[in-house]
Amino acid sequence: MADYATDGPVDDNGGKGDPSRPVTIAYIAESAGVSVPTVSKVINGKSGVSADTRARVEELVNRYGYRKPGGANRNNVVELVFRELKDMWAVEIIRGVERVARRHRVGLMVSEFGLHDTPEPNWDDTVSRRPNCVLSVAQLSEAEREQLKAKGIPFVVFDPTTELPDDVPFVGATNWSGGRAATRHLAELGHRRVAMISGPQDVLCCTARLDGYRSAMQAAGLPVDPELVAHAPLTREDGCAAARTLLALPERPTAIFAANDLQALGVYQAAREAGLRIPDDLSVVGFDDLPVVAWVDPPLTTVHQPLTEMAVAATELALTLGRGEEAPQVGLEIATTLTVRDSTAPPKS
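Residues numbered from 1 in each chain as written. Predicted model: local features only at pLDDT ≥ 70, side-chain atom pairs only at ≥ 80, totals over all residues. Heavy atoms only, no water.

### Some details on helix α7 (residues 175-188)
Then, in step 1: Over its 14 residues, α7 extends 20 Å from the first C-alpha to the last, a length consistent with the 20 Å expected when each residue adds 1.5 Å.
Then, in step 2: Taken together, the buried positions of α7 are Asn175, Gly178, Gly179, Ala181, Ala182, Thr183, His185, Leu186 and Ala187.
Then, in step 3: Positioned one or two residues after α7, Gly190 has a phi angle of 110°, which is positive. (Helix = DSSP H or I, 4+ residues; strand = E, 2+ residues; numbered from the N terminus. Expected span 1.5 Å × (residues − 1). Buried < 20%, exposed > 50% of the residue type's maximum accessible area, 1.4 Å probe, protein only.)

So this is what it looks like as structure tokens:
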């Protein structure tokens, strides 16, 4: 990625490039009159390039002193960066990254930088380690992205929390479709007062899931009652607090869709405190499909977010960029699916 960002000027001293400003693949491609992927194929010894084109590119690579990223310049390591490492969600991501790293025989380093309300994370250690690429499980600020680009370290954002510029590589999930599927399931069971506990209003995936909820309610001909929409952090404790408020309404909801599984487990606790049985008195749907929710009582109906598969795709994308190759697509969203278990049922008549 960063390898394409800056053209390395060539001086007049025998056609040699300025060693302080490395020649890029983009510069080689422009000089040879071919595409960046063609140059990448030549550099990586791949087929699909004519003999004449290969010879022309190789001659320019040698003349300009191009150095392939990831060789002596970078370590054969993918660095996985979390803002916070504390729950099962992170385990599923690490599992996917580790699977790809093992297959490609690259090392894996996991870093924790702290949440956004902590002091600005210091990327100096990451930059000094010169990883092959960075996979960030959090939003990267513009300054952080520029710092990595300046050092020629490719990166991919996993499950971005805010809108990103069009050229920033990312892997996410179909959050809107997942929210719609969860709510449609409850409406099809016959629920009319369907509440949603959404996440923070400035988190992209949460707003998408809420929009999916609203879309499904509208499609079912059901009003979206503002009283039935709560916003809370994505934790069990906060999900429980929000559910207590919803269940204390004069006309309580018969079903609650939570923005993630941890919130849904909080709904279970609030329902027990209120003397309600799931799903007899209250249907509950979560989002993520963490392994533990299949073992709670009753097993949770939830939207399966393919975290491990997302991590696999994100790591493959990061390593592709780390090899100096052009990715087939910059952004990728992997489909969510509804997993129906025993926490949902038709409402009592």
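### Side note on the pairing of strand β9 (residues 283-288)
Then, in step 1: Of all six residues making up β9, six are buried, and the element is well covered by its neighbours.
Then, in step 2: What you see with β9 is no split at all: Ser283, Val285 and Phe287 on one side and Val284, Gly286 and Asp288 on the other are buried throughout.
Then, in step 3: Once the chain exits strand β8 (residues 255-258) it traverses helix α10 (residues 261-273) before rejoining the sheet at β9, and the crossover so formed is right-handed.
Then, in step 4: One ladder, built from four bridges, connects β9 with strand β10 (residues 301-304); its direction is parallel. In the strand pairing of β10, Asp288 is matched with His304. (Right-handed = clockwise from strand over helix to strand, strands pointing away. Pairing = 2+ DSSP bridges.)

### Observations regarding the nonpolar core
Among soluble globular proteins, nonpolar side chains are generally buried collectively.
Then, in step 1: Counting residues in each nonpolar core, the largest one holds 30 residues, and the members touching the most others are Ile93, Val156, Phe158 and Val171.
Then, in step 2: Elements with a minimum of two residues in this core: β1 (75-82), α4 (88-104), β3 (131-137), β4 (155-158), β5 (170-173) and α11 (307-322).
Then, in step 3: Considering every element that reaches this core, the biggest residue donor is α11, with 10 residues.
Then, in step 4: Once residues lying within four places of it in the same chain are set aside, the contact partners of Ile93 are Leu80, Phe82, Val137, Phe158 and Ala311.
Then, in step 5: Judged by nonpolar contacts, the second largest core, of 26 residues, contains Leu228, Cys240, Ala258 and Ile278. (Core = buried A, V, L, I, M, F, W, Y, C linked by side-chain atoms within 4.5 Å. Contact = heavy atoms within 4.5 Å.)

### Section: the sheet that holds β5
Then, in step 1: Here six strands make up an open sheet; going across it, the order is β2-β1-β3-β4-β5-β11 and the pairing parallel. With one partner strand each, in any of the chains shown, β2 (107-112) and β11 (331-334) form the two edges of the open sheet. Averaged over all pairs of adjacent strands, the angle between strand axes in this sheet comes to 20°, irrespective of strand direction.
Then, in step 2: Relative to β4, α11 is tilted by about 165°, and along the sheet it contacts β3, β4, β5 and β11. (Axes fitted to C-alpha atoms, helices over the stretch in contact; angles between N-to-C directions.)

### Looking at the environment of Ala232
Then, in step 1: With respect to the secondary-structure elements, Ala232 resides in the loop between β7 (229-231) and α9 (236-247).
Then, in step 2: Note on Ala232: relative accessible area 7%, which makes it buried.
Then, in step 3: The sequence separation of Ala232 and Gln263 amounts to 31 residues, and the corresponding C-alpha distance is 8.5 Å.
Then, in step 4: With residues up to four places along the chain from it excluded, the contact list for Ala232 reads Ile197, Ser198, Gly199, Pro200, Asp238, Ala242 and Gln263.

### What about the packing of aromatic side chains?
Then, in step 1: The final tally for this structure, using the stated rule, is one aromatic pair.
Then, in step 2: Their ring planes at 75° and their centres at 6.2 Å tell us that Trp89 and Phe158 sit as a pair that is edge-to-face. Of this pair, Trp89 sits in helix α4 while Phe158 sits in strand β4, and the two are 69 residues apart along the sequence.
Then, in step 3: Overall, Phe158 belongs to the buried group, its relative accessible area being 0%.
Then, in step 4: The ring centre of Phe287 lies 3.7 Å from the NZ or CZ of Arg209, which sits over that ring. (Phe/Tyr/Trp six-rings, centres within 6.5 Å; stacked < 30°, edge-to-face > 60°. Lys NZ or Arg CZ within 6 Å of the ring centre and 35° of its normal.)

### Describing the side chain of Asp281
Then, in step 1: In this structure, Asp281 sits in the loop between α10 and β9.
Then, in step 2: Residue contacts for Asp281: discarding those within four places in its chain leaves Arg252, Thr254, Gly275, Leu276 and Lys348.

### Some remarks on the packing of helix α1 (residues 25-32) against helix α3 (residues 51-64)
Then, in step 1: Between α1 and α3, the least distance of the axes is 10 Å, while the angle of their chain directions is 125°. Taken together, the axis directions place α1 and α3 in an arrangement best described as oblique. Viewed along their axes, α1 and α3 form a crossing whose handedness is right-handed. Taking contact as the criterion, the partners of Tyr27, Ile28, Ser31 and Ala32 in α1 are, on α3, Arg56, Val57, Leu60, Val61 and Tyr64.
Then, in step 2: Looking at side-chain class alone, the contact of α1 with α3 contains seven nonpolar, one polar and one charged residues. (Parallel < 35°, antiparallel > 145°, perpendicular 65-115°, else oblique. Left-handed = near helix turned anticlockwise from the far one by under 90°. Nonpolar A, V, L, I, M, F, W, Y, C, P; charged D, E, K, R; others polar.)

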